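Results of the structural survey
So you can see what is in the structure, the chains are spelled out below.
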Amino acid sequence: MYKQFTNAEIAVLLSMEAAALIYSIAEDHKLIKVPLLLRLIVCELCFGYVFFHRSIKLLINAFKNKNNFYGTTAEIADIKKCQTLGDGSYDYYIIKYEYKNKTYTQEIHNSFSITRWQ
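Before going further, it helps to examine the overall build of the protein chain. For the protein chain, the count of helices and strands is two helices and three strands. Its helices and strands taken in sequence order, the protein chain reads α-α-β-β-β from the N to the C terminus. Taken across its 118 residues, the protein chain has 14% of its residues classed as buried. Partitioning the contacts of the protein chain with sequence separation of at least 6, the portion at a separation of at least 24 is 33%. Within the structure as shown, the protein chain displays about 10400 Å² of accessible surface, and the carbon and sulfur contribution to it stands at 61%.

What follows is about helix α1 (residues 7–28). Counted at 1.5 Å a residue, the expected span for α1 with its 22 residues is 32 Å, and the 32 Å between its end C-alpha atoms agrees. Taken together, the buried positions of α1 are Glu9, Val12, Met16, Tyr23 and Ala26. Around the axis of α1, the buried residues are gathered within 125° of arc, so they sit on the same side. Facing away from the buried side of α1, by more than 90 degrees, are the exposed residues Asn7, Leu14, Glu17, Leu21, Ile22 and Asp28.

Taken as a whole and assessed by the stated rule, the structure comprises one salt bridge. Among the ionic pairs, Arg54 bridges to Glu9, the shortest N-O distance being 3.0 Å. Placement of Arg54 in helix α2 (residues 36–64) and of Glu9 in helix α1 is noted, with a sequence separation of 45 residues between them.

The next thing to look at is the pairing of strand β3 (residues 102–108). Relative to β3, strand β2 (residues 89–99) runs antiparallel, the two sharing seven bridges. When the bridges of β3 are listed, Tyr93 appears paired with Ile108.

For Glu9, a relative accessible area of 1% puts it in the buried group. Engagement of the side chain of Glu9 in a polar contact is seen with the side chain of His53, the distance being 3.4 Å. In this structure Glu9 touches Gln4, Tyr49, Val50, His53 and Arg54, once residues within four positions along its chain are discounted.

With respect to the helices and strands, the residue Asp78 is situated in strand β1 (residues 74–83). As a C-alpha pair, Asp78 and Glu107 span 29 residues in sequence and 9.4 Å in three-dimensional space. Residues within four places of Asp78 in sequence aside, it is in contact with Tyr92, Tyr93 and Ile94.

Glancing now at α2. At Phe52, α2 shows its maximal kink, close to 60°. Considered for burial, the residues of α2 that qualify are Cys46, Val50 and His53. In the core, the buried residues of α2 are packed alongside α1.

Residues of the protein chain with pLDDT of at least 70 account for 86%, and the chain-wide mean is 79. Mean pLDDT per element in the protein chain: β1 is the minimum at 79, and β3 is the maximum at 86.

This paragraph deals with the packing of α1 against α2. Across the interface, α1 lies against α2 with an axial gap of 10 Å and an inter-helix angle of 160°. With respect to each other, α1 and α2 are oriented roughly antiparallel. In the packing of α1 onto α2, the handedness of the crossing is left-handed. Residues Ala8, Glu9, Val12, Leu13, Met16 and Tyr23 of α1 lie in contact with α2, whose contacting residues are Arg39, Cys46, Phe47, Tyr49, Val50, His53 and Arg54.

What counts as what
- Residues numbered from 1 in each chain as written.
- Predicted model: local features only at pLDDT ≥ 70, side-chain atom pairs only at ≥ 80, totals over all residues.
- Heavy atoms only, no water.
- Helix = DSSP H or I, 4+ residues; strand = E, 2+ residues; numbered from the N terminus.
- Buried < 20%, exposed > 50% of the residue type's maximum accessible area, 1.4 Å probe, protein only.
- Contact = heavy atoms within 4.5 Å.
- Areas by Shrake-Rupley, 256 points an atom, 1.4 Å probe, with all protein chains shown as cover.
- Expected span 1.5 Å × (residues − 1).
- Arc of directions from axis to C-beta.
- Salt bridge = Lys/Arg side-chain N within 4 Å of Asp/Glu carboxyl O.
- Pairing = 2+ DSSP bridges.
- Polar contact = N/O pair within 3.5 Å; in protein donor to acceptor, adjacent residues only side chain to side chain.
- Bend = angle between axes of the 7 residues up to and from the residue.
- pLDDT = per-residue confidence, 0-100.
- Axes fitted to C-alpha atoms, helices over the stretch in contact; angles between N-to-C directions.
- Parallel < 35°, antiparallel > 145°, perpendicular 65-115°, else oblique.
- Left-handed = near helix turned anticlockwise from the far one by under 90°.

Structure below.
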């Protein structure tokens, strides 16, 4: 499943909508004249943040943590159902794995397809 928008992404989207509304009202009443280049730059920065900052953070974290990964094998210990608001529900998985002779368990709620894992 895809994670919902973060608070920062929602703030950027709401500020873009507010700016567009204020600008359209001001443009109708000829109160403010903002150069086209400035409007385009602000829109591109906001859209770039909303749609591309997660992939950029992923790349930065991959470079920072490139030596901090280890190979392990996990097994699905249990499959549970999570009730959401309304009629919806989804399955989540509880996996077990070992690292340095300790057994860990973890819940996997966000996964596109557990069957595609190797």
